[in-house]
Amino acid sequence: MYRLLVQGVTDYAIYLLDADGNVMNWNAGAKQAKGYEAQEIVGRNFDLFYTEIERTRGIPKQNLRMARDSGHFTDEGWRLRKDGTQFWANIVIDAIYDEDGVFVGFAKITRDMTAQRELEHRLAHDAGHDGLTGLSNRTTFFEKLDDELPQIVYGARMAIHYVDLDRFKPVNDSFGHQIGDEVLRVVAKRLRSVAGPKSMVARLGGDEFAVLQFGSPSVENASALAKSIVATLSEPIPVRNAVINIGASVGVAHVPTHGDDAATLVRNADLALYRAKEDGRGCFHIYDESMNAQALSRGVMELKLRQALSACDFELHYQPIVDARSLQTVGYETLLRWRDQTGQQISPAEFVPLAEELGLMPLLGKWVLRTACREAALWDNRLMVAVNVSATQLRDRAFLDVVIQALADSRLPPERLELEITETAVLADPDLAGSILQRLRDIGVSIALDDFGTGFSSLAMVKQLPLTRVKIDRSFVSEIDASCQSRSVIRAVVALCEGYGLTTTAEGVETEEQLAVLQDHGCRDLQGFLFGKAEPASHWRSLGSRELVA
């Protein structure tokens, strides 16, 4: 019964060897694993399962000797099948003694572990690589960096290149994630190509990549690679029926010039990348000490901004908008102001982009909207209030509810609220923005397109969006006296808006001459220092304005 049991096992090769290693019997599992029939193998030495090199080195006999000396031997390694192919084997060899304690040979059990080994290797590879591009992932990148850094004591040099794609998000928004994934695969292929065999390329996540450059590169070598990365990623990427242009920014830290530990080097490469983005993107920067001061300043600004937002430490100023004919105030544009705890006035051009980057604009914008609506509800009921809307807010599906709640809490009629948007805010997600704006128009809120004429798709915006007003950018108004072209643009914009049933507001009116020209060209409303700069609501009340105070 025992013999029949052993012979019937198919998952394990189980057979006996004599004292010299000759095969004495053979079960079904052995046939399946090694390919030999019993009559082909019984009587032959088991060393034929080993490679020629292993036989020359005496490995089979050594394994038997170790099994006899200790009574048990285990191992894993490559073994040969009858057809010459190899499989990964887990083996056990036990010394066998009879009832009288006389040594009679060996029992050998072999299991084919090839599939399991391949699975383990695949899982290990997947754990260390990005599934989309096949590049090393963030974990592997930092492990490799930590492994290599000790070599700098022996004179080794490296460079870290942080790579961020410049215009990848609009690709996903416009073409979908499948096209976006294909673009990322092309980016990975190009980075491998320019980095070469002496570098490691990794995808850190999203559209962020990194290149670890080995081979003791000089600062000049690192600059050359960074330049090549920018150049190759600036080339158009043909994907299916589209041609995608993205570009990239690169920040470089050189080892050990810019640090000798992973945390410092990565931080410095990231600072250099941030500088490249600030300089207009599509370029590279190598870290220098001045970036530390900039980062410190930015960190302080971020901390102050978060504290100010938590304490609602902002105020709103209002600039009058007047009727071009009567010069009577018809409303006010809301402008955000911030004076920090030291009393310093901080420009919106400085803190608003930071709030956008930190994801704080939805919360800050909500405060602005609620406060503006609450104050406007106290004005003369003929006056409207205009509030600027950021790109982040227009990408938030909850923004519609924020507006509705602000109107309900303040009891301000929707017809007295005007939201000012820009082309940039809409282009971030045109479909979502268009849907939100249409629902706002449906409840009576007015929509104005700000900075008209400065973008590339203004005419399309006028046609596609549910607008009620177009604001002519101040750059055209300032050139009225010196440029016939500016007058022509204003005349064309007014005619265009009349054709679509939209009102117009000219921004930046500062002189009587500009006022006269805009009146002659039929501009509906005006705004600028000629009629008053932005001031707190209390300022207008102190002047006894009949318009502002109900």
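Report follows, based on the coordinates.

What counts and how
Residues numbered from 1 in each chain as written. Predicted model: local features only at pLDDT ≥ 70, side-chain atom pairs only at ≥ 80, totals over all residues. Heavy atoms only, no water. Helix = DSSP H or I, 4+ residues; strand = E, 2+ residues; numbered from the N terminus. Rg over C-alpha atoms; globule rule 2.2 N^0.38 Å. Buried < 20%, exposed > 50% of the residue type's maximum accessible area, 1.4 Å probe, protein only. Contact = heavy atoms within 4.5 Å. Areas by Shrake-Rupley, 256 points an atom, 1.4 Å probe, with all protein chains shown as cover. Lys, Arg positive; Asp, Glu negative; His and termini not counted. Charge placed at Lys NZ, Arg CZ, Asp CG, Glu CD. Pairing = 2+ DSSP bridges. Axes fitted to C-alpha atoms, helices over the stretch in contact; angles between N-to-C directions. Parallel < 35°, antiparallel > 145°, perpendicular 65-115°, else oblique. Left-handed = near helix turned anticlockwise from the far one by under 90°. Nonpolar A, V, L, I, M, F, W, Y, C, P; charged D, E, K, R; others polar.

For the rest of this paragraph, the subject is the overall build of the protein chain. From N to C terminus, the protein chain includes 23 helices and 21 strands. Its C-alpha radius of gyration of 37 Å places the protein chain more than 25% over the 24 Å reference for a compact globule of 550 residues. Seen through its principal axes, the protein chain has C-alpha atoms that stretch 120 × 55 × 45 Å. The buried share among the 550 residues of the protein chain stands at 47%. Considering only contacts in the protein chain between residues 6 or more positions apart, those separated by 24 or more positions represent 61%. With the model as given, the accessible surface of the protein chain reaches about 27,400 Å², and the carbon-plus-sulfur share is 51%. In the protein chain, which carries 59 positive and 76 negative side-chain charges, the distance between the mean positions of the two groups comes to 2 Å.

So, on to the sheet that holds strand E3 (residues 86–97). Pairing in this open sheet of four strands is antiparallel, and the strands run E1-E4-E3-E2 from one edge to the other. A single partner strand is all that each edge strand has here, and the edge strands are strand E1 (13–17) and strand E2 (72–80). Averaged over all pairs of adjacent strands, the angle between their axes in this sheet comes to 25°, without regard to strand direction. Here E2 runs beside E3; their pairing, made up of nine bridges, is antiparallel. By the bridge assignment for E3, Glu76 is matched with Asn90.

Two numbers describe how helix H14 (residues 361–376) lies on helix H16 (residues 399–410): the axes approach to 9 Å, and their chain directions differ by 30°. Overall, the two elements H14 and H16 adopt an arrangement that is roughly parallel. As for the relative orientation of H14 and H16, their crossing is right-handed in sense. Residues Lys366, Leu369, Arg370, Cys373 and Arg374 of H14 lie in contact with H16, whose contacting residues are Val402, Val403, Gln405, Ala406, Leu407, Asp409 and Ser410. Taken together, the residues that form the contact of H14 with H16 break down as six nonpolar, two polar and four charged.

Hydrogen bonds between backbone groups are what pair the strands of a sheet, and the pairing can be parallel or antiparallel. Here we have five strands laid out as an open sheet, ordered E6-E7-E5-E10-E11, and mixed in their pairing. Looking along the sheet, the strands with just one partner apiece sit at the ends: strand E6 (199–205) and strand E11 (284–286). On average, each strand axis in the sheet is tilted by 20° relative to the strand beside it, whichever way the strands run. Sheet analysis places strand E5 (residues 158–165) next to strand E10 (residues 248–255), joined by eight bridges and oriented antiparallel. Residue pairing for E10: Ile160 is matched across the bridge by Ala253. Strand contacts of helix H7 (residues 138–148): E5, E6 and strand E7 (208–213), with the helix running at about 140° to E6, the strand carrying the most contacts. Packed on one face of the sheet, helix H11 (residues 262–278) meets E5, E10 and E11 and runs near 145° to E10.

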